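Residues per chain are reported as follows:
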Amino acid sequence: MIVKSAEFICSNTQISKLPPPVKPEYAFIGRSNVGKSSLINMLTGKKGLAKTSQTPGKTQLINHFFINDSWYIVDLPGYGYARASKTEKAKWDKFIHTYLDKRESLQCVMVLIDSRLEPQKIDLEFCNWLGEKGLSFVLVFTKADKQSSIKTDQSIAKFKKALLATFEEAPHYFVTSSETQLGREEILAFIDEINKNFVIPHYTSPLERENGG
């Protein structure tokens, strides 16, 4: 897939204000500081599309980016940011989980994992939640350029082993680097394949709801 256009559409804290769910969406989520903004910018080929920050937990909204006028990248708030208050965390969690569980046009959740780390409890718990909800997801291992490919392979093997304690089989995964563009073609080809089979879901628009439709 060639990315010809990528534009920011909206930021939201309310599910009701999201764009109509008539185009395929791919949600990107991971722990704070996993390199999500850099990955989105690398995939789209637009350096400043998603705002990168040195401050973890900066993305506190659902951001929609419209790609090739045909599908969305959805940038979700990072989870596990320690300095947010419990009330804030609970609010984000509810918001994110509602979006993931109820969004009709969501095709796949891209769960970003730092390839340099041992399996993190918070990542495993999130994957298990997705599994319990029956949501389609893949793993995207980030920052592979920061270490040898042997170490990356070892990290992936450990993570898959940890997931197999609760899953019958490990999900599909990608190895990426925002610096070297590793994994870019593979992820875009994966999305392209799913887009070909996308069927517009039936949904009730706000106007129809008002009119009892």
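Just above sits the structure.
Everything numeric here is computed off the predicted structure, so don't read it as measured data.

Help me understand the overall build of the chain, please; the structure alone is not making it clear to me.
Secondary structure summary: the chain contains 6 helices and 7 strands in total. Scanning the chain from its N terminus toward the C terminus, one meets helices and strands in the order β-β-α-β-β-α-β-α-β-α-β-α-α. Across the 213 residues that make up the chain, the buried fraction comes to 45%. Accessible surface computed for the chain: about 11500 Å², of which carbon and sulfur atoms make up 50%.

Looking at this model, I keep getting lost on the sheet that holds strand β3 (residues 62–67). Mind explaining?
Pairing between the strands of a sheet comes from backbone hydrogen bonds, and it takes one of two forms, parallel or antiparallel. Spatially, β1-β3-β4-β2-β5-β6-β7 is the arrangement adopted by the 7 strands of the open sheet, whose pairing is mixed. Of all the strands in the sheet, the pair left with one neighbour each is β1 (6–12) and β7 (173–175). Each strand axis lies, on average, 25 degrees off the axis of its neighbour in the sheet, ignoring direction. In terms of strand pairing, strand β2 (residues 25–30) meets strand β5 (residues 106–114) through 6 bridges, oriented parallel. Residue pairing across strands places E25 opposite L106, the latter belonging to β5. Across the sheet, helix α1 (residues 36–44) lies against β1, β2, β3, β4 (71–75), β5 and β6 (137–142), angled at about 145 degrees from β2, the strand it touches most. Across the sheet, helix α3 (residues 121–133) is in contact with β2, β5 and β6; its angle to β5 comes to roughly 165 degrees.

I tried to follow α3 on my own but got confused; where do I start?
Working note: α-helix, 3.6 residues per turn, so residues spaced by three or four point in the same direction. Taking 1.5 Å of rise per residue, 13 residues should cover 18 Å, and α3 covers 18 Å from first to last C-alpha, within 8% of that figure. For α3, the set of buried residues is D123, L124, F126, C127, W129 and L130. Of the surrounding elements, those touching the buried residues of α3 are β2, α2 (86–102), β5, β6 and α4 (149–163). Once α3 ends, the next one or two residues include G134, with phi positive near 70 degrees.

When you look at the nonpolar core in this model, what are you seeing that I'm missing?
Nonpolar side chains in soluble globular proteins generally cluster together in the buried interior. Within the largest apolar cluster, 31 residues are counted, with the highest numbers of intra-cluster contacts made by L100 and V111. Only β2, β3, β4, α2, β5, α3, β6 and α4 provide two or more residues apiece to this core. Look past the residues within four positions of L100 in its chain and what remains in contact with it is A27, L76, L106, V109, F126, W129, L130 and L135. Listed in part, the 25 residues of the second largest apolar core include L39, I187, L188 and F190.

I keep staring at α4 and nothing clicks. Help me out?
Taking 1.5 Å per residue, 15 residues should reach 21 Å; α4 reaches 21 Å between its end C-alpha atoms and fits that length. Where α4 is buried, its residues contact β5, α3, β6 and β7.

Help me understand the packing of α3 against α4, please; the structure alone is not making it clear to me.
Think of two packed helices as two axes; the pair is described by the angle between the axes and how far apart they sit. Look at α3 against α4: their axes get within 10 Å of each other, and the N-to-C directions meet at 50 degrees. The pairing of α3 with α4 is recorded here as oblique in orientation. Where α3 crosses over α4, the handedness of that crossing is right-handed. Two secondary-structure elements touch here, α3 through D123, L124 and C127 and α4 through F159, A162 and L163. Looking at side-chain class alone, the contact of α3 with α4 contains 5 nonpolar, no polar and 1 charged residues.

Rules behind the numbers
Residues numbered from 1 in each chain as written. Predicted model: local features only at pLDDT ≥ 70, side-chain atom pairs only at ≥ 80, totals over all residues. Heavy atoms only, no water. Helix = DSSP H or I, 4+ residues; strand = E, 2+ residues; numbered from the N terminus. Buried < 20%, exposed > 50% of the residue type's maximum accessible area, 1.4 Å probe, protein only. Areas by Shrake-Rupley, 256 points an atom, 1.4 Å probe, with all protein chains shown as cover. Pairing = 2+ DSSP bridges. Axes fitted to C-alpha atoms, helices over the stretch in contact; angles between N-to-C directions. Contact = heavy atoms within 4.5 Å. Expected span 1.5 Å × (residues − 1). Core = buried A, V, L, I, M, F, W, Y, C linked by side-chain atoms within 4.5 Å. Parallel < 35°, antiparallel > 145°, perpendicular 65-115°, else oblique. Left-handed = near helix turned anticlockwise from the far one by under 90°. Nonpolar A, V, L, I, M, F, W, Y, C, P; charged D, E, K, R; others polar.

None of this, on its own, says anything about what the molecule does.
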